[in-house]
Each structure stands twice: as structure tokens, then as C-alpha cells.
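Examining the three-dimensional arrangement
Now for the letters of each chain:
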There are 2 protein chains.
Amino acid sequence: MKTRIISACVMLPLLILVYLGGYWLMGAAILVAAMGIHELYHGFEATGVKPCKPIGFASIAGLYAIHILAPENQTLLLFWMAVCVMACLLYGFNVEERKIEDMTSTLLGIMYVVFFSYHIVLIDQSVHRILIWLVFLAAFGTDVMAYFTGMALGKHKLCPKLSPKKSIEGAVGGTISSMVFCGLFGYFLVDGMLWQCAVIGLSGSIAAQLGDLSASAIKRQMGIKDYGNLIPGHGGILDRFDSVLFTAPFIYYTMQFVLY
Amino acid sequence: MKTRIISACVMLPLLILVYLGGYWLMGAAILVAAMGIHELYHGFEATGVKPCKPIGFASIAGLYAIHILAPENQTLLLFWMAVCVMACLLYGFNVEERKIEDMTSTLLGIMYVVFFSYHIVLIDQSVHRILIWLVFLAAFGTDVMAYFTGMALGKHKLCPKLSPKKSIEGAVGGTISSMVFCGLFGYFLVDGMLWQCAVIGLSGSIAAQLGDLSASAIKRQMGIKDYGNLIPGHGGILDRFDSVLFTAPFIYYTMQFVLY
């Protein structure tokens, strides 16, 4: 519970950036991507793998340079991806010093941290930019309500090997709450879009829980408890944003299907 | 030299498929992707890593389903990528049986083999579909001419640790030849597009050589000589198509910059 309150305090400045949107939110996304790459690659290093940080950071610079110069150009986005994959492969040319895991881990960081977090910016710059709030409403709404529902009703373990405290009842409670929160948000604040936003809330809630479990699985494999130590004793940026990394793309693509 | 002649024989049926284009070429691309995933993951298994073949094959099915149902929809292509990354992460949920390399190697296969080879189809279905020939002209033209130039003039090693027989002179000869071949192709067969096709030939030749060296580096890291045994004694599909995997995306994006 204490972690959740501290998280909430970290989130307050973030909420201001979400409200401001545009370059402010893009700056926040870049910061999250850069710190996330640093933390994830640091975690890999704990297992003896050496991802290439310069490629990771260069991928962030390249992605946002493309975004600023040609915001709507998805061909350039695919080009960016191809270049990132090639850069990871070229990194392996020094066969005596590098292992194949060094390349593949570099690529995972780019796709998971940089590409996923970029969807925050994509949603923010879409026609329905107000829906950016749903990314955070689904992620943190699910987290908080799953916790309370689980505390009150939790009996059946969800995924005991991965995250021993989570219950199926909590997962269901979190999902329903996210649908209700997002539906109400849509009804009152987005031109009566009750069901569209409820569907987005459902998708975002599933994403949030998968994102949370994914981060747990990666950390378990790495043999670390937290990615970082940004908030002493309560982990790094990836520990706080593990749900958001998944809700952002899930919600962006759900928006494409539901709204357009 | 013998390998090159045998390669050429394997390429003849391919050339017919390239000429036919459309669904024929798409079928060939799907086959190359599926066999490539099989071979690459098999190579990973030699190092004790276990990539998930069902995810690899499902990614091919998903990509081409999207392509057939919505050919021009790049948002769906980004969606496909996000789903592939998530699938690889979810694969790691079974923390007791799977390692983090199992997820990252699965992702590398999808991005390197499936995504890269898909650019053949993208070029084939573009406005200038005749330029699909440049993918193969650049790849095999560079390979053959680098071999002959290297035999005649080669003195300085290009990359001795990775590929001991390649020389700088051969690389330069291959690059210039590719520019000349592609330039002449453009001049006579594509409305006098001499310089545009020469630029594409330059880009494709650099790609072909990087693709060749990348495959060597990956195989070296895996401790294998060839990916497969499709042509006994002369390797598998990835050994024959290592250059094409890189020329296809390089040429596709160069086309976007040079022609549009």
C-alpha cells in the first residue's frame, strides 16, 4: 500500500505534464524512454549480458527526430524500426567481444521501452487527444482497484509463481473498475462516448495487468527485485511504469478500431 | 565458386516468381520467412536457447493476413509489431522453464527474418513494382562481382575476423558494379531513371554486404557453419538469402526517398 501512495505522489507531476500535452508530454516520454533503457539494460548486465546503450539512446533520438520532422509519416517509423534492427545486428560484428544475447537484448529494450512508450505521444497527438487520460486511468485505476478488491474478496491465486499476492478476484475487480472509470470519463467528458471508452478501459485494464506481469517475469529472469532505485526502496521508473508501457499501445490501437 | 553456381540454379525458379509477382511472390516470401524462422531458431537451439517457433510462425500468418485484408494500412503494421513484442514477453511468463534469451531470440527472428523479408512484398506492390528486380540485382550482382574483383585485385582484408576471404578491393568492386548494373537497368527499363536506380544500387550493395556479414556474425556466435542443409553442403535458405534480407528494406526505403 505504501508503494502505491508513493507512486501516486510521483504521478502528480506527471499528471500536470499529461494535462499540458504536446512538447511537455513528449519530453516526459523521452525521459521515461531514456531512463527505462538505462534501467532495463542495467538489469541485463546483472545476468552477464551487455546490451549496447548508445544504440538504445540513439534509437530514442532518431524516433523523436522523425516524429518532430515528419509527425504523420508511418513509413519513416517502419524505416526507424528496420534501422534499429540492423544496428543491433551490426553491433554483433565484433564477434570476439560480443555475444548474440548482447544484440537481442538491445533490440528488446528498443521495442519494449522506446517503441511502446512512444504510443503515449501518438495518442496525445491524435484527434481525440483527451483520451490520453485513459492510459493512466486504466493503468492506475486497475492497479488500485485490483488491490482493494483482492484485499476484500481475494481467494484464488492468479499467477502464484510470478506474482504471489495477486488474486483472480482482484484481477476481475480491477478490470470492471477500469471499464466503469473509463466509461464514465467518456460519458461525461468525451461527447457521451460511454461504450467506446468502456471498451478502451477493458482493453487498457487487460494491458495493464499483462504489463505488470511481464515486468515481474523479466525481473525474475534477471534475478533482480527492482529495475532501479529512483524512489529509494520502491524501484525505478520501469517499476512504476510497467503497466503504462502496455496500456499505451493497447489503447492506441483499440482507439483505431473503436473510433475510426 | 561452386556455391555461387549452385546458388544461381536455386535462384532460377525464384526469378520466375519475381517475374510473376503478386500472390506468387508473396507465397515465396512467406515460404522464405517460414523456412528462415525455422533455421534461425534451430541455430539458436544449438546454443541452448529455446525461441518459440509457434510465435514465429503466428507472426508470419498475422502479418500476411493483415497485408491481404488491408494492404495499405501501416497502422495495422505497427499494431502487428506491438503484438509480436507482447507475445514474446508473455512467452516468458513461465519463469521456471524459460529464460530471458528465449524471449529476445524469438523477437530477433520476427524482426530480422519476417519483417525484413516482408519488404519484398512491399516493393512488389508499390507503384514502381519493376524495381523489385533491383533487390536481386544488387544482392547477387554485388556478390558475384565482389568475388571476381577480389580474386583479381584483392590485397587488403575487409573484415578478417568475420569473413577471412573478403577484401576491401572486392567490396569496392561489388559496390561499383551494383551501381552500374542498377543504373543501366533504370536507364533502359524504367523510363530513363539512371541516377535514381544507381543510388538504389549503391544502397542495395552496401545492404547486401552488411547482410552477408551480419549472417556470418550470427552464425559465428551460434558456433554453426551454416543455418541449414537445404542444398547439401551449401547451407540453408538463410545462407542463400542473407544479402536479400538486408537489400529488401534498404531498397524499399531508398525508393521512398529517391522517387517520391
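Before any of the text, the structure's been laid out above.
Quick look at the overall build of chain A now. Summing up its helical and strand segments, chain A has nine helices and zero strands in all. Secondary structure of chain A in N-to-C order comes out as α-α-α-α-α-α-α-α-α. At 19 Å, chain A has a C-alpha radius of gyration in line with the 18 Å of a compact globule built from 260 residues. If you line up chain A on its principal axes, its C-alpha atoms span 55 × 45 × 30 Å.

What follows is about the packing of aromatic side chains. To describe a pair of aromatic rings, one takes the distance between the centres and the angle between the planes. Counted by the stated rule, this structure contains 22 aromatic pairs over all chains. Taking 6.3 Å as the distance between ring centres and 15° as the angle between the ring planes, the aromatic pair formed by Phe136(A) and Phe140(A) counts as stacked. Of the two residues, Phe136(A) and Phe140(A) both sit in helix H6 (residues 132-153), four residues apart, roughly one turn of that helix. Its relative accessible area of 23% is what places Phe140(A) among the partly exposed residues. Both rings, one in Tyr252(A) and one in Tyr253(A), keep their centres 5.1 Å apart while their planes meet at 75°; by these two values the pair is edge-to-face. The pair Tyr252(A) / Tyr253(A) is uniform in exposure class, with both members buried. Through successive ring pairs, a cluster of aromatic residues spans Phe79(A), Tyr252(B), Tyr253(B) and Phe257(B).

This part covers the environment of Lys225(B). Residues and elements named next belong to chain B. Tracing the sequence through the fold places Lys225 in the loop between helix H8 (194-222) and helix H9 (237-259). Classification of Lys225 as exposed rests on a relative accessible area of 67%. C-alpha separation for the pair Lys225 and Ser117, spaced 108 residues apart in sequence, amounts to 22 Å.

Counting from both sides, the interface comprises 47 residues of chain B and, opposite them, 47 residues of chain A. Across the interface of chain B and chain A, roughly 4,500 Å² is buried in total on both sides, 83% from carbon and sulfur atoms. Counting every contact that joins chain B to chain A gives two salt bridges. The partner of Lys161(A) in a salt bridge is Glu96(B), and the shortest N-O contact between them spans 3.4 Å. Where chain B meets chain A, there are nine residue pairs in polar contact (both at pLDDT 80 or more). Going through the elements one at a time, helix H4 (74-91), helix H5 (100-124), H8 and H9 of chain B are the ones with two or more residues in the side of chain B that touches chain A. For the side of chain B that touches chain A, the per-class residue count stands at 33 nonpolar, eight polar and six charged.

Residues and elements named next belong to chain A. Contact geometry for helix H4 (residues 74-91) and helix H5 (residues 100-124): axes closest at 8 Å, N-to-C directions at 155°. Here H5 runs roughly antiparallel to H4, going by the angle between their axes. In this structure, H4 meets H5 at a crossing whose hand is right-handed. Every residue of H5 that contacts H4 at Leu77, Trp80, Met81, Cys84, Val85, Cys88, Leu89 and Tyr91 is listed here: Asp102, Met103, Thr106, Leu107, Ile110, Met111, Val114, Phe115 and Tyr118. When its residues are assigned to classes, the contact of H4 with H5 shows 15 nonpolar, one polar and one charged.

All names here are of chain A. Here the structure, examined in full by the defined rule, presents zero disulfides over all chains. Summary of cysteine pairing: Cys182 is not part of a disulfide, and the nearest cysteine sulfur, belonging to Cys197, is at 7.1 Å. A relative accessible area of 1% places Cys182 in the buried class. The buried category is assigned to Cys197, whose relative accessible area is 0%.

Below, the discussion takes up H5(A). The α-helix advances 3.6 residues per turn, and as a result positions three or four apart in sequence lie on the same side. With 25 residues, H5(A) should reach 36 Å at 1.5 Å per residue; the first-to-last C-alpha distance of 37 Å fits that figure. Along H5(A), 25 of the 25 residues are buried, which leaves the element largely enclosed by surrounding structure.

Overlaying chain B on chain A yields an RMSD of 0.0 Å, the required transformation being a rotation through 180° with an accompanying axial translation of 0.0 Å. Here the two chains are linked by the operation of a two-fold rotation axis. Among all residues of chain B, the one whose C-alpha sits closest to the rotation axis is Thr104(B), at a distance of 2.7 Å. A symmetric contact is evident, with 100% of the interface residues of chain B recurring at the interface of chain A.

A few words on the pattern of salt bridges. A complete count under the given rule lists 11 salt bridges over all chains for this structure. With its nearest N and O atoms 3.6 Å apart, the salt bridge here joins Asp226(B) to Lys225(B).

Residues Leu40(A), Tyr112(A), Phe115(A), Leu40(B), Tyr112(B) and Phe115(B) are the most contacted members of the largest nonpolar core, which totals 158 residues. When sequence neighbours within four positions are dropped, the list of residues in contact with Leu40(A) reads Gly109(A), Tyr112(A), Val113(A), Ile218(A), Met222(A), Tyr227(A) and Leu238(A). Ranked by size, the runner-up nonpolar core spans six residues in total, among them Cys159(A), Leu213(A), Ala217(A) and Val95(B).

This next bit is on the side chain of His67(B). Considering the arrangement of structural elements, one finds His67(B) in helix H3 (residues 53-69). When residues no more than four places from it in sequence are discounted, the contact partners of His67(B) are Met26(B), Tyr118(B), Val121(B) and Gln125(B).

Here the focus is the environment of Glu96(A). Its place among the elements puts Glu96(A) in the loop between H4 and H5. Looking at Glu96(A), the relative accessible area reads 58%, which means it is exposed. A polar atom in the side chain of Glu96(A) sits 3.4 Å from the side chain of Lys161(B).

Quick look at the packing of helix H2 (residues 22-45) of chain B against H9(B) now. All names here are of chain B. Between H2 and H9, the least distance of the axes is 10 Å, while the angle of their chain directions is 115°. Seen from above, H2 lies across H9 with left-handed handedness. Only Ile237, Leu238 and Phe241 of H9 make contact with H2, whose side of the interface consists of Val32, Met35, Gly36, Glu39 and Leu40.

With respect to the element layout, Thr75(A) can be found in helix H4. Of the residues examined, Thr75(A) reaches a relative accessible area of 15% and is grouped as buried. One polar contact links Thr75(A) to Gln74(B), side chain to side chain, over a distance of 3.0 Å. Ignoring any residue separated from it by four or fewer positions in sequence, one finds Thr75(A) in contact with Gln74(B), Tyr252(B), Tyr253(B) and Gln256(B).

The rules we used
Residues numbered from 1 in each chain as written. Chains lettered and ligands numbered in written order. Predicted model: local features only at pLDDT ≥ 70, side-chain atom pairs only at ≥ 80, totals over all residues. Heavy atoms only, no water. Helix = DSSP H or I, 4+ residues; strand = E, 2+ residues; numbered from the N terminus. Rg over C-alpha atoms; globule rule 2.2 N^0.38 Å. Phe/Tyr/Trp six-rings, centres within 6.5 Å; stacked < 30°, edge-to-face > 60°. Buried < 20%, exposed > 50% of the residue type's maximum accessible area, 1.4 Å probe, protein only. Contact = heavy atoms within 4.5 Å. Buried area = accessible area lost by both parts, 1.4 Å probe. Salt bridge = Lys/Arg side-chain N within 4 Å of Asp/Glu carboxyl O. Polar contact = N/O pair within 3.5 Å; in protein donor to acceptor, adjacent residues only side chain to side chain. Nonpolar A, V, L, I, M, F, W, Y, C, P; charged D, E, K, R; others polar. Axes fitted to C-alpha atoms, helices over the stretch in contact; angles between N-to-C directions. Parallel < 35°, antiparallel > 145°, perpendicular 65-115°, else oblique. Left-handed = near helix turned anticlockwise from the far one by under 90°. Disulfide = S-S within 2.5 Å. Expected span 1.5 Å × (residues − 1). Least-squares fit on C-alpha atoms with pLDDT ≥ 70 in both. Core = buried A, V, L, I, M, F, W, Y, C linked by side-chain atoms within 4.5 Å.

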